[in-house]
Amino acid sequence: MNDYHTVIERLNLMPHPEGGYYRRNWQSAMKAEVIDSTGKVVHPLRSIGSSILYLLPSQEVCLWHKEACDEMWHFYQGSSLKMHLLNSVTGLSEQILGINLEQGELPQFIIPRGTWFCAEVVDEDSYSFCGCTLWPSFSYADFELAEESKLIDEFSAHKDLIKHIFAKKNQ
């Protein structure tokens, strides 16, 4: 299950800035402002949702990043994907995106807005093929790629994991 190049070629996936390969495959034609529970506009008028196809080879990582909107991940095929999530309220949590329900894997789950996260393919010499849907639609204005030193300053108790992900990116 290590020939992911065919998937990349057939689906016309491009390199992603956080690692892996992607292609946007949907963006809603509907538009809206997003207002929080206090009535504050948190996202100005734009498309209400978008999604991408995403493939991560086992020799790469999906780098630490966060979005200012909710993001749902969907598993399609390949190896399971280990997701590491960090936020100031709950600290570190991990979720395996996959179809082995008996082992606690989930075929889809939500990453709440403002949560730092990264991902690693579980099986060596493999890949994970999945998708991501965001509400409202993705915008680089909402995307933040982590800086190693700042993330360590904020979450010093998880320094080893943070360094592990950055080190794997630089291999």
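Look a little higher up for the structure.
Draft legend 1. Region of interest: the pattern of salt bridges. Counting across every chain of the model gives 5 salt bridges. Here Lys-82 and Glu-94 are joined by a salt bridge, their closest N and O atoms 3.6 Å apart. With Lys-82 in strand β8 (residues 81-87) and Glu-94 in strand β9 (residues 91-97), this pair connects stretches of sequence that are 12 residues apart. Under the relative-accessibility criterion, Lys-82 is labelled partly exposed at 30%. When its relative accessible area of 43% is taken as the criterion, Glu-94 is described as partly exposed. Between Glu-120 and Lys-168 there is a salt bridge whose closest N-O contact spans 4.0 Å.

Draft legend 2. Inspection of the packing of aromatic side chains at higher detail. Per the stated rule, a full pass over the model turns up 7 aromatic pairs. Both rings, one in Trp-73 and one in Phe-117, keep their centres 6.0 Å apart while their planes meet at 90°; by these two values the pair is edge-to-face. On the criterion of sequence distance, the pair formed by Trp-73 in strand β7 (residues 70-78) and Phe-117 in strand β11 (residues 116-121) is long-range, its members being 44 residues apart. Judged by its relative accessible area of 0%, Trp-73 is buried. These aromatic residues form a ring-pair network of at least three members: Tyr-54, Trp-73 and Phe-117.

Draft legend 3. Structural detail: the side chain of His-43. Following the sequence through the fold, His-43 ends up in strand β4 (residues 41-47). The buried category is assigned to His-43, whose relative accessible area is 4%. Side-chain polar atoms of His-43 contact the backbone oxygen of Ala-68, separated by 2.8 Å. Those residues in contact with His-43, other than ones at most four positions away along the chain, are Glu-33, Val-34, Ala-68, Cys-69, Pro-136 and Asp-142.

Draft legend 4. The arrangement of the layout of surface pockets in detail. Roughly 170 Å³ of volume is contained in the largest pocket. Lining of the largest pocket is provided by 13 residues; of these, His-16, Tyr-22, Ile-52, Glu-67 and Phe-138 occupy positions nearest its centre. Of all elements in the fold, only β2 (21-27), β6 (61-67) and β12 (127-135) reach the threshold of two or more residues within the lining of the largest pocket. For the lining of the largest pocket, a count of residues per class yields 7 nonpolar, 2 polar and 4 charged.

Draft legend 5. Region of interest: the sheet that holds β9. Spatially, 5 strands are ordered β9-β8-β11-β6-β13 in an open sheet, and the strand pairing comes out antiparallel. In this open sheet, the two strands that pair with only one neighbour each are β9 and β13 (143-145). Each adjacent strand pair in this sheet contributes to an overall mean axis angle of 25°, direction not counted. Relative to β9, β8 runs antiparallel, the two sharing 7 bridges. Directly across from Leu-86, in β9, lies its bridge partner Leu-92. Contacts from helix α3 (residues 159-169) reach β6, β8, β9 and β11, with the element oriented near 125° to β6.

Draft legend 6. Focus on the nonpolar core. By size, the foremost hydrophobic cluster in this structure holds 20 residues, and its most contacted members are Tyr-54, Trp-73, Leu-81, Met-83, Leu-97 and Ile-111. Contributing elements (two or more residues each) for this core: β5 (50-57), β7, β8, β10 (108-111), β11 and β12. Excluding residues within four positions of it along the chain, Leu-97 makes contact with Trp-73, His-74, Phe-75, Ser-80, Leu-81, Leu-106, Pro-107, Gln-108, Phe-109 and Cys-130. Counting residues in each nonpolar core, the second largest holds 14 residues, with Val-61, Leu-63, Phe-155 and Ile-165 among its members.

What counts and what doesn't
- Throughout this description, residue numbers start from 1 for each chain and increase along the sequence as written.
- Given that the model is predicted, a residue must reach a pLDDT of at least 70 before its local features are reported, and side-chain atom pairs must reach 80 or more before they are shown or counted; all residues, however, enter totals for whole chains, interfaces and linings.
- Side-chain measures here rest on the full set of heavy atoms in the structure, leaving out hydrogens and waters.
- The salt bridge definition used is simple: a Lys or Arg side-chain nitrogen within 4 Å of an Asp or Glu carboxyl oxygen.
- By definition, any uninterrupted DSSP run of H or I lasting at least four residues is a helix, any uninterrupted run of E lasting at least two residues is a strand, and each is numbered from the N terminus.
- Only protein chains enter the accessibility calculation, which uses a 1.4 Å probe. A residue is then buried if its area is under 20% of the maximum for its type, exposed if over 50%, and partly exposed in between.
- Any Phe, Tyr or Trp ring, taking Trp's six-membered ring, that has another such ring centre within 6.5 Å forms a pair; planes under 30 degrees apart are called stacked, those over 60 apart edge-to-face, and the others tilted.
- For the purposes of these results, a polar contact is taken to be a pair of N or O atoms within 3.5 Å, where, inside protein, one atom must be able to donate a hydrogen and its partner to accept one; residues adjacent in sequence count only when each atom of the pair is a side-chain atom.
- Contacts between residues were defined by any pair of non-hydrogen atoms, one from each residue, lying within 4.5 Å.
- In the cavity and pocket records, a cavity denotes points on a 1 Å grid over the protein atoms alone where a 1.4 Å probe fits but cannot get out, a pocket denotes an open set with protein on both sides within 12 Å along at least 5 of 7 lines, and lining residues are residues with an atom within 4 Å of a point.
- Grid points are joined across faces, edges and corners, and a volume is the space filled by probe spheres set on the points.
- Side-chain classes are defined by residue name, with Ala, Val, Leu, Ile, Met, Phe, Trp, Tyr, Cys and Pro counting as nonpolar, Asp, Glu, Lys and Arg as charged, and the others, Gly among them, as polar.
- The pairing criterion for strands is at least two bridges between them, as found by DSSP.
- Lines fitted to C-alpha atoms define the axes, with helix axes restricted to the stretch in contact, and inter-axis angles between N-to-C directions lie between 0 and 180 degrees.
- In plain words, nonpolar cores are sets of buried Ala, Val, Leu, Ile, Met, Phe, Trp, Tyr and Cys residues tied together by side-chain atoms within 4.5 Å.

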